[in-house]
Amino acid sequence: MRERDIYFLETIVKGYDGIAHVRRDWLARNGRRFVRILVPPGLEGEVLRVLERVKRYIPLGEIRTEL
């Protein structure tokens, strides 16, 4: 993800009453970048729905629930 897309994602997630915390430090693995999103227990489904909607506006690749 580009840095500006990470900031956009963080802004969207914050707008959903703190359902998650987007970490700005990304992880590189096998030539791919991963952004860590910390999600409280019980809100995983909500965050996944938000991420699916965000895909309309920024390029999000694969969404994993663990690395």
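Residues numbered from 1 in each chain as written. Predicted model: local features only at pLDDT ≥ 70, side-chain atom pairs only at ≥ 80, totals over all residues. Heavy atoms only, no water.

(A) Examining the pairing of strand β2 (residues 32-38) more closely. Pairing analysis gives six bridges linking strand β1 (residues 21-29) to β2, with the strands arranged antiparallel. When the bridges of β2 are listed, A28 appears paired with R33. From the end of β1 to the start of β2, which pair antiparallel, there are two residues, and N30 there has a positive phi angle of about 50°. (Pairing = 2+ DSSP bridges. Helix = DSSP H or I, 4+ residues; strand = E, 2+ residues; numbered from the N terminus.)

(B) Focus on the pattern of salt bridges. Applying the stated criterion to the full structure yields five salt bridges. For E62, the salt bridge goes to R64, with nearest N and O atoms at 3.0 Å. Connected through salt bridges with shared partners, the residues R32, E62 and R64 form a single ionic network. (Salt bridge = Lys/Arg side-chain N within 4 Å of Asp/Glu carboxyl O.)

(C) Structural context of the confidence of the model for the protein. When pLDDT is averaged along the protein, the result is 85; 99% of the residues meet or exceed 70. Put simply, β1 is where the protein has its lowest mean pLDDT, 80, and helix α2 (residues 44-54) is where it has its highest, 91. (pLDDT = per-residue confidence, 0-100.)

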